[in-house]
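Residues per chain are reported as follows:
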Amino acid sequence: MKAIHAAACVGRVDVVGHLVTVTAPDDGVDGKDWNVPSAQNSAQAKMKAIYDKHGDSSATPSQEQGSSYKAPTNEPAFVPKGVTDASAAQIHKRKGDEAFVKEDDAVALAAYDACLACDDTNAKVFANRAAVKLRMKGTKSGVTFESLEGARIDAKNSRQIDPNYVKAWYREGTALTELRDYESAALAFFEGMQIDEHNLDLKKGFDAAIKKGRDANLKK
């Protein structure tokens, strides 16, 4: 499945409109007829073929057994409160970075918490805290859902502060994949690839999210 099909499946008409000009027409579609509606029809046909072959045509990628999570679409935009103590924020960030490298996640998390309490305008700190939470999931120090949902929110805040920060898009996609919202995960990875089209981690994440969403449907 091409990126344009994934975008069509999650309803991103704006993304489909961008991709249709740079994506080769699907087999059987004449170049002059390759447009947003034809790309959407093609994506629907591909998904229907999968459903028809494996059953349960009412299923969707986010309806994997055992999971009903779907990232909210109406969350308010993150608005930073600003910097209250730049010097303290730097100290806490340094401590958090050092602990993160050592995989001392509890110390890193506490340090990043303290840093953001002093300065919540730093996209990298939000993204780093997301990475810590992703690594802590399922451990004694982190409850799976709470850690993953917290990582998703931190990554989202990070890319809202700096939309060009690729790591934020990657970590949001990773959290969404773990939460089994494969449609939203694929879209996060895709948005990151619009910034860095050669990023292999984003490409692997995108492909994995599409495959897991498809596999989830096949198990129905």
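Note that this is a predicted model, so its numbers are computed, not measured.

The rules behind these values
- Position numbers for residues start from 1 in each chain and track the written sequence from start to end.
- Only residues with pLDDT of at least 70 get local features here, since the model is predicted, and only at 80 or more are side-chain atom pairs given and counted; chain-wide, interface and lining totals rely on the full set of residues.
- To get the side-chain values, take all heavy atoms of the structure and skip hydrogens and water.
- Runs of H or I in DSSP of at least four residues are treated as helices and runs of E of at least two as strands, each being numbered from the N terminus.
- A simple rule labels every residue: compare its accessible area, found with a 1.4 Å probe on the protein chains alone, to the largest value its type can have, and call it buried under 20%, exposed over 50%, or partly exposed in between.
- Residues are treated as being in contact if the distance between any of their heavy atoms lies within 4.5 Å.
- Here, a salt bridge means any Lys or Arg side-chain nitrogen found within 4 Å of an Asp or Glu carboxyl oxygen.
- The term nonpolar core refers to a set of buried residues drawn from Ala, Val, Leu, Ile, Met, Phe, Trp, Tyr and Cys, joined through side-chain atoms within 4.5 Å.
- Scored from 0 to 100, pLDDT records how confident the predictor is in each individual residue.
- Every axis in this analysis is a line fitted to C-alpha atoms, fitted for helices over the stretch in contact. Angles between the N-to-C directions lie between 0 and 180 degrees.
- Between 65 and 115 degrees an angle is taken as roughly perpendicular, under 35 as roughly parallel, over 145 as roughly antiparallel, and anywhere else as oblique.
- Crossing chirality is assigned from the near helix's rotation relative to the far helix, an anticlockwise turn below a right angle marking it left-handed and a clockwise turn marking it right-handed.
- Residues were grouped as follows: Ala, Val, Leu, Ile, Met, Phe, Trp, Tyr, Cys and Pro as nonpolar; Asp, Glu, Lys and Arg as charged; and all remaining residues, including Gly, as polar.
- Ring pairs shown here join Phe, Tyr and Trp side chains whose ring centres sit within 6.5 Å, with only the six-membered ring taken for Trp; geometry is labelled stacked below 30 degrees between planes, edge-to-face above 60, and tilted in between.

Enquirer: I'm lost on the overall build of the chain in this one. Help?
Expert: Tallying secondary structure elements over the chain gives 10 helices and 0 strands in all. Order of helices (α) and strands (β) in the chain, N terminus to C terminus: α-α-α-α-α-α-α-α-α-α. Counting all 220 residues of the chain, 45% fall into the buried class. Contacts spanning at least 24 positions in sequence make up 60% of the contacts within the chain whose residues lie at least 6 apart.

Enquirer: It is not clear to me how the pattern of salt bridges should be interpreted in this structure. Could you clarify?
Expert: Oppositely charged side chains may form a pair once their charged atoms are brought near each other. Counted by the stated rule, this structure contains 14 salt bridges. Here E75 ties to K156 by a salt bridge, and the two come within 3.8 Å at their closest N and O atoms. Note that E75 is positioned in the loop between α3 (36-54) and α4 (86-101) and K156 in helix α7 (residues 144-161), a separation of 81 residues in sequence. According to the relative accessible area criterion, E75 is partly exposed, its value standing at 28%. Where R159 meets E172, a salt bridge forms, and the shortest distance between an N and an O atom there is 2.9 Å.

Enquirer: Where do I start with the nonpolar core in this structure?
Expert: Soluble globular proteins: nonpolar side chains tend toward being buried together. I4, V16, L176, F189, F190 and F206 are the most contacted members of the largest nonpolar core, which totals 34 residues. If you list the elements that add at least two residues to this core, you get α1 (3-9), α2 (13-19), α3, α6 (123-136), α7, α8 (166-178), α9 (182-195) and α10 (200-218). With 13 residues, the next largest nonpolar core counts A89, A108, L109 and F126 among its residues.

Enquirer: I keep staring at the confidence of the model for the chain and nothing clicks. Help me out?
Expert: Caution applies to low-pLDDT parts of the model: their predicted coordinates are not meant to be read in detail. In this model, the chain carries an average pLDDT of 83, and 82% of its residues clear a pLDDT of 70 or more. Note that pLDDT drops below 50 for residues 54-66; the model gives that stretch 36 contacts with residues more than four away or on any other chain.

Enquirer: Hey, could you run me through the packing of α6 against α8 in this one?
Expert: A pair of packed helices is characterised by two quantities: the angle between their axes and the separation of those axes. It is the contact of α6 with α8, at a shortest axis distance of 10 Å, that shows an interaxial angle of 30°. The orientation of α6 relative to α8 falls into the category roughly parallel. Seen from above, α6 lies across α8 with left-handed handedness. Between α6 and α8, the residues in contact are A127, N128, A130, A131 and L134 and R171, T174 and A175, respectively. Across the contact of α6 with α8, the residue classes break down as 5 nonpolar, 2 polar and 1 charged.

Enquirer: What is the right way to read unusual backbone geometry from this model?
Expert: Positive phi values are uncommon outside glycine, yet E103 reaches one of about 60°. Its location among the elements puts E103 in the loop between α4 and α5 (105-118). The exposure class assigned to E103 is exposed, which follows from its relative accessible area of 57%. The backbone phi angle of R180 is positive, close to 75°, even though this residue is not glycine. Examined against the element boundaries, R180 turns out to sit in the loop between α8 and α9. Residue class for R180 comes out partly exposed when judged on its relative accessible area of 33%.

Enquirer: When you look at the packing of aromatic side chains in this model, what are you seeing that I'm missing?
Expert: Two descriptors summarise a pair of aromatic rings, namely the distance from one centre to the other and the angle between the planes of the rings. This structure, assessed with the given rule, holds 3 aromatic pairs. Arranged with centres 5.9 Å apart and planes meeting at 55°, the rings of Y170 and F189 form a pair that is tilted. Of this pair, Y170 sits in helix α8 while F189 sits in helix α9, placing them 19 residues apart in sequence. The class for Y170 is partly exposed, based on a relative accessible area of 31%. For F189, a relative accessible area of 2% corresponds to the buried category.

Enquirer: Please clarify how the packing of α4 against α6 should be interpreted in this entry.
Expert: Two elements in contact, α4 and α6, have axes separated by 11 Å at closest approach and are oriented at 35°. The element α4 and its partner α6 pack so that their crossing is left-handed. Across the interface between the two elements, K93, D97 and F100 of α4 pack against V125, N128, A131, V132 and R135 of α6. The residue inventory of the contact of α4 with α6, partitioned by class, reads 4 nonpolar, 1 polar and 3 charged.

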